[in-house]
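Coordinates in review
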Amino acid sequence: MFRVIQLLLLMIILVFAAAFLYVFPIISHYICTTKQAVRNAFLMSIGHLPYTLIMFAYFALIGFLLTASTTTFGLVIAISMICGFSVTAYMCCILFNRIFKKYDPEEEKEAAE
């Protein structure tokens, strides 16, 4: 019984983590209330599951490399200092632009071109 509750809580935590990946990009891209942003973040994280899994895999890889050994920890920190954290932000930005492109009105798409 404890294992079932533990797995259920892990699933809830993963859903919340996926939604929080989307909240701040939604707030910065669209004009909406906080309640609407959180609701849309939950819906988008489930609706765009492949992109969400790609972001989770990327962050899991970074977490794994940080905890694998002291050598990889130092390497990841050194690369982060050189590139900044902009590589991670840029990767997420590319994914979010693909996601938000579906929700932007046609007039904005034509104006951007």
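Residues numbered from 1 in each chain as written. Predicted model: local features only at pLDDT ≥ 70, side-chain atom pairs only at ≥ 80, totals over all residues. Heavy atoms only, no water.

**A look at the packing of helix H1 (residues 2-29) against helix H5 (residues 86-101)**
Where we set the bar: As a rule, the C-alpha atoms of each element are fitted with a line to give its axis, helices using only the stretch in contact, and angles between N-to-C directions run from 0 to 180 degrees. The way it works is that DSSP assigns letters per residue, a run of H or I at least four long becomes a helix, a run of E at least two long becomes a strand, and they are numbered from the N terminus. Each helix crossing is assigned a hand: it is left-handed if the near helix lies turned anticlockwise from the far helix by less than a right angle, otherwise right-handed if that turn is clockwise. What makes two residues a contact is simply this: any of their non-hydrogen atoms within 4.5 Å. Any residue that is not Ala, Val, Leu, Ile, Met, Phe, Trp, Tyr, Cys, Pro, Asp, Glu, Lys or Arg is counted as polar, Gly included; the first ten are nonpolar and the last four charged.
Orientation of H1 relative to H5, taken along the N-to-C sense of each, is 65 degrees, at an axis distance of 11 Å. Crossing of H1 over H5 shows right-handed handedness. For the pair H1 and H5, contact is made by Leu21, Tyr22, Pro25, Ile26 and His29 and by Phe96, Ile99 and Phe100, respectively. Here the residues of the contact of H1 with H5 are counted per class, giving seven nonpolar, one polar and no charged.

**Quick look at helix H2 (residues 34-47)**
For clarity, the cut-off: To estimate the expected span of a helix, count its residues, drop one, and scale the result by 1.5 Å. Only protein chains enter the accessibility calculation, which uses a 1.4 Å probe; a residue whose area is less than 20% of its type maximum is buried, one above 50% is exposed, and one in between is partly exposed. This arc is taken over the directions from the axis of the helix to the C-beta atoms.
In this model, H2 (14 residues) spans 19 Å end to end at C-alpha, consistent with the 20 Å of a helix rising 1.5 Å per residue. Along H2, the positions that sit buried rather than exposed are Ala37, Ala41, Met44 and Ser45. Buried residues in H2, looked at end-on, bunch into an arc of 95 degrees, giving them a common side. Summarising the geometry of H2, the exposed residues directed more than 90 degrees from the buried face are Lys35, Arg39, Ile46 and Gly47. Elements in contact with the buried residues of H2: H1, helix H3 (49-68) and H5.

**Some thoughts on the UniProt feature "transmembrane region" (unreviewed entry) in the protein chain**
Short version of the rule: UniProt positions are given in the numbering used here, feature names are shortened, and annotations may be inferred rather than shown by experiment.
On the UniProt side, "transmembrane region" (unreviewed entry) is annotated at positions that read residues 6-27, 48-67 and 73-96 here. Along residues 6-27, the helical share is 100% and the strand share 0%, with 32 Å between the first and last C-alpha atoms.

**Quick word on the nonpolar core**
Heads up, the rule is: To form a nonpolar core, buried Ala, Val, Leu, Ile, Met, Phe, Trp, Tyr and Cys residues must be joined to one another through side-chain atoms within 4.5 Å.
The biggest cluster of nonpolar side chains holds 15 residues, and the ones touching the most others in it are Tyr22, Ile26, Met55 and Phe96. Elements with a contribution of two residues or more to this core: H1, H2 and H5. In terms of residue count, H5 provides more of this core than any other element does, six residues in total. Sequence-distant contacts of Tyr22, that is, excluding residues within four places in its chain, are made with Ala41, Met44, Ser45, His48, Tyr51, Thr52, Met55, Phe96 and Ile99.

**Regarding the environment of Pro25**
Following the sequence through the fold, Pro25 ends up in helix H1. By relative accessible area, Pro25 is classed as buried at 17%. Leave out the neighbours within four places in its chain, and Pro25 touches Phe96 and Phe100.

**Things to note about the side chain of Ser80**
Definition in use: Each polar contact in these results corresponds to two N or O atoms within 3.5 Å; when the atoms are within protein, one needs to be able to donate a hydrogen and the other to accept it, and residues that are neighboring in sequence are counted only if both atoms are side-chain atoms.
Residue placement: Ser80 occurs in helix H4 (residues 70-83). Here Ser80 falls in the buried class, since its relative accessible area comes to 17%. Within the local environment of Ser80, its side chain forms a polar contact with the backbone oxygen of Val76, the two atoms lying 2.9 Å apart.

**Overview of H5**
In a regular helix each residue adds 1.5 Å, so 16 residues correspond to 22 Å; H5 covers 22 Å between its end C-alpha atoms and thus fits that length. Among the residues of H5, Thr88, Met91, Cys92, Leu95, Phe96, Ile99 and Phe100 are the ones counted as buried. Relative to the axis of H5, the buried residues are bounded by an arc of 160 degrees and lie together on one face. Along H5, the residues that are exposed and aim more than 90 degrees away from the buried face are Tyr90 and Lys101. Buried residues along H5 sit in contact with H1, H2 and H3.

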